[in-house]
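Observations on chain architecture
So you can see what is in the structure, the chains are spelled out below.
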Amino acid sequence: MPTNQFLISQPTPTITQLPKQGVKKQDFINYFKQYYVHLLGRDEGHQSPFYAGEALSMVIRDHLMEHWKATHKTYKNNDCRRGYYLSMEFLMGRTLSNAMLNLGVTDNVTQAMYDLGIAIEELISSEEDAGLGNGGLGRLAACFIDSCATLQLPVIGYGLRYEYGMFTQTIVNGEQIEKPDHWLRYGNVWEIERLEYSHRIKFGGRSTVWTDANGKQQFSWVDTHDVLAIPFDTPIPGYQNGTVNTLRLWKAVATEEFNLDEFNAGDYAEAVAAKITAENITMVLYPNDANENGKTLRLQQQYFLASASLQDVIAHWTGLHGNDFTHFAEKSCFQLNDTHPSIAIAELMRLLMDLHGLGWDEAWIITKTTMAYTNHTLLPEALEKWPVTLMQRLLPRLMDIIFEINAHFISEVSAYWPGDSEVLRKMSIIEEGHQQQVRMAHLAIIGSFSVNGVAKLHTQLLQQGLFSDFYALWPHKFNNKTNGVTPRRWLASCNPKLASLITETIGDSWITDLSQLKKLEPFADDASFRERWYAIKQSAKQSLIDFKKNKNDAISHLSVEAIFDVQVKRIHEYKRQFLNILHVIHLYNCLKKGDTNDRVARCVLIGGKAAPGYRMAKKIIKLINNVAQVINSDPTVNHKLTVLFLEDYRVSAMEKICSGADLSEQISTAGKEASGTGNMKLMMNGAITIGTLDGANIEIREEVGDENFFLFGLTEEQIEAKRGHYNPIAIIDQDEDLQHVMHLLESGHFNQFEPSLFDDLINSIKSPHDPWMTIADFRSYIDAQQRVEDAYRNKDHWVKMSILNCANSGKFSTDRTISEYNREIWKLTPQPVVHESL
Ligand code: 62N
């Protein structure tokens, strides 16, 4: 091809597989010094892991930047269909070590720091967790965007930039104390503020109708109090593939006129108060993982997220296509993480009609072909409802639109089931009663083309129970997407020794294709492999002890020979931490009776936060700590049994815990845990599950085989069949062990100086109306725990089970989950990133 010498040659685009160790050690040293000394103004004599961590993070961030821009450009040039993951929570945890792993620079950077006399582990652990979520739902969003980047899918995560994340938990006198989590206090090097992409969000005011010059009815929303949404972007790198996607979090800021109007009128204090009201919207994450109904601020947060994100997507669209929305639905797909952002359905209608002039039918087709909804719970108390009066006051135009969506829906249902007013009452978006409420799940189902549950059983129960009427009407909308976790964070990064052994044995393709772990199966029969596996597990247990040592003196008589029995998750009655404690008390009782010789030592580790307003959950924490206190300080038992409450359970804590767990407690009442994802992290790291037939446990057992899983408890059907004639007292009467346990509890053995402290807890499990039927599963749980102990005595056998659990955890990668979302819902084309060659 002839070339023109006078033209500056354009770089040729090439698709590159990035070199794994692209930057040399010496380069890292130089860059690092640059930031540490010059930018942060610290001298080399001054040793601060925090500032060294900051400097290193800046180096890594710079490194991501080129890839980020190239990714952006690739998506733009290809004009590809895109996905938007809308979530009120992204529980990201720490970023530095994950970014190094995904860039493939961990070894070089570790060496570089070592040469400077710095232990990288100290820098890594000086980073604050980004705790912008409660539990499983928020962490799932974080794992999802990791997998989207690794699969090179053009997906943006949209969420809120809470100034205060999940509270920090401390335990004082056995009780949970909450401290605010001001995670941004020292800044956040991973985010970039993008003022140029700000949007204006309306609240309050009123909705008006007028007729335009063409005689067409137009709606506007006027006299509003507006708040600005400012985006902060965080890079989300894929695993060594040159893709860097974006997590865009919105911050609420007062508008200019907010201040000026009243300020000029001399109302200085009012002006400042109004500013604070506006900026409160993204001040704090609601720390409730079950229900948060009726709170004005929470609804403001939800609308703020939905409106800012949709305006952002639409602004991008009109920038390219003007007001032509013909192909908008072909090019966009929104995934709603639970009902929390589902006001987006009404907001998209509003934006398309009121701002871009589309008619109802056109706008509705776009909405119901772009929105997809994921449900995460079957608990009726967790289903979101908003009072109509609140919505009319706060979002009047959206309430109009919801009423109209409902009117259209009601006529569709009337045509399908003529004359059935009962079905209309049940399915309506509006719940009638002394106070009308908007049922957000109904809005989400009606406005979406896809409705999915998060594990097989959960989806079945949605179809047959909670949403059965909708399933009868629209069976094609319903589908299952069993959850997963990202193997980068939850194996490669948190358990480097095990990861190395696996890679040495089967190669490293498991990191992006977790089904490869199956190749470990034959090694379960290899004695020398088992020995190495065991040594790694024992050393992880030792690290866990060391990590907790400075915090807790109960640790002193803890041995790595003990079974590390782990239950970490939010504290909730349905998760039945209480059942775990009943077993602990049973063991204590056995040891006190003198049967100490043939018992295997056990260390029971329980961690989790209770919602600050959830009385019973807080009592459970107190009970765990009181039982721990009695057992750990009793020299006749504490060499065989230790109980530890792990304070301030969070993402970075789980990264240390999961490698050291032998036994994974997944003991919820069957039918109540939608999926569970902690179960998957623990399995992946070689823990064996003791669990009920609930959520993803069922699929874990299917994958690993019954012989490598400790099953107990009633099935969901048996639980439901028992309701109405459940008799816990009769069960206690027939079980001597249980009588002893109840006696210890009721005699105040664990609350000698705090009389009747646990009465309400005890009464709740003795009640025939106990929805969680804890007593019903006691015997079978104790028997399963006995099988655990017997199995643990045979070390070879246990290690074999441990290997087989890891080997069969391949299904539980979010890469598999996201591939299914993409194949069946999003239908995005992977976009290999074009890097301009240097
Ligand atoms: C979990 F609206 N849900 C499930 F504010 N919810 O319990 C678990 F009240 O079984 C799943 O594995 C996991 O989702 C992922 O699918 C969950 O974590 C919340 O955190 C939550 C937060 C806020 C609310 C309700 C629920 C609110």
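To be clear, the structure that these remarks concern was listed above.
In this report, the structure presented in the accompanying data block is examined. (Residues numbered from 1 in each chain as written. Predicted model: local features only at pLDDT ≥ 70, side-chain atom pairs only at ≥ 80, totals over all residues. Heavy atoms only, no water.)

This part takes up the environment of Gly83. Mapping Gly83 onto the fold places it in strand E2 (residues 82-86). For the pair Gly83 and Gly676, spaced 593 residues apart in sequence, the C-alpha to C-alpha distance is 25 Å. Not counting residues up to four positions away in its chain, the partners in contact with Gly83 are Pro154, Val155, Ile156, Cys333 and Leu828. (Helix = DSSP H or I, 4+ residues; strand = E, 2+ residues; numbered from the N terminus. Contact = heavy atoms within 4.5 Å.)

Now for the side chain of Asn102. Take Asn102: it is sitting in helix H3 (residues 96-103). Of note is the side chain of Asn102, whose polar atom sits 2.8 Å from the backbone oxygen of Pro237. (Polar contact = N/O pair within 3.5 Å; in protein donor to acceptor, adjacent residues only side chain to side chain.)

Read across the sheet, six strands follow the order E23-E22-E21-E24-E25-E26 without closing on themselves; strand pairing throughout is parallel. The sheet is open, and its two edges are formed by strand E23 (641-646) and strand E26 (710-711), each paired on a single side. Examined bridge by bridge, strand E21 (residues 563-568) and strand E22 (residues 602-607) share six bridges and lie parallel to one another. When the sheet's bridge partners are listed, Val566 is paired in E22 with Leu605. (Pairing = 2+ DSSP bridges.)

Taken together, the neighbourhood of the ligand is formed by 22 residues, with Leu137, His376, Asn483, Glu673 and Gly676 sitting nearest. Within the backbone of Leu137, a nitrogen or oxygen atom sits 2.9 Å from an oxygen atom of the ligand. Between an oxygen atom of the ligand and a side-chain N or O atom of His376, the distance comes to 2.6 Å. Within the complex, the protein chains bury 93% of what would otherwise be the 570 Å² of accessible surface of the ligand. Element by element, the count of residues in the shell around the ligand is highest for helix H6 (residues 136-150), at three residues. In the shell around the ligand, the residues fall into six nonpolar, ten polar and six charged. (Near = heavy atom within 4 Å. Areas by Shrake-Rupley, 256 points an atom, 1.4 Å probe, with all protein chains shown as cover. Nonpolar A, V, L, I, M, F, W, Y, C, P; charged D, E, K, R; others polar.)

What follows is about the pattern of salt bridges. Summed over all chains, the structure comprises 56 salt bridges. Close ionic contact of Arg425 with Glu422 constitutes a salt bridge, the shortest N to O distance being 2.7 Å. Taken as a pair, Arg425 and Glu422 lie in helix H15 (residues 421-427) at a separation of three residues, close to a single helical turn. Classification of Arg425 by relative accessible area gives partly exposed; the value is 48%. Accessibility expressed as a relative area gives 40% for Glu422, which makes it partly exposed. For Asp735, the salt bridge is made with Arg779, and the minimal N-O distance between the two is 2.9 Å. Of this pair, Asp735 sits in the loop between helix H28 (728-733) and helix H29 (736-746) while Arg779 is found in helix H31 (residues 778-793), placing the two residues 44 residues apart along the sequence. (Salt bridge = Lys/Arg side-chain N within 4 Å of Asp/Glu carboxyl O. Buried < 20%, exposed > 50% of the residue type's maximum accessible area, 1.4 Å probe, protein only.)

In short, geometric facts, not functional conclusions.
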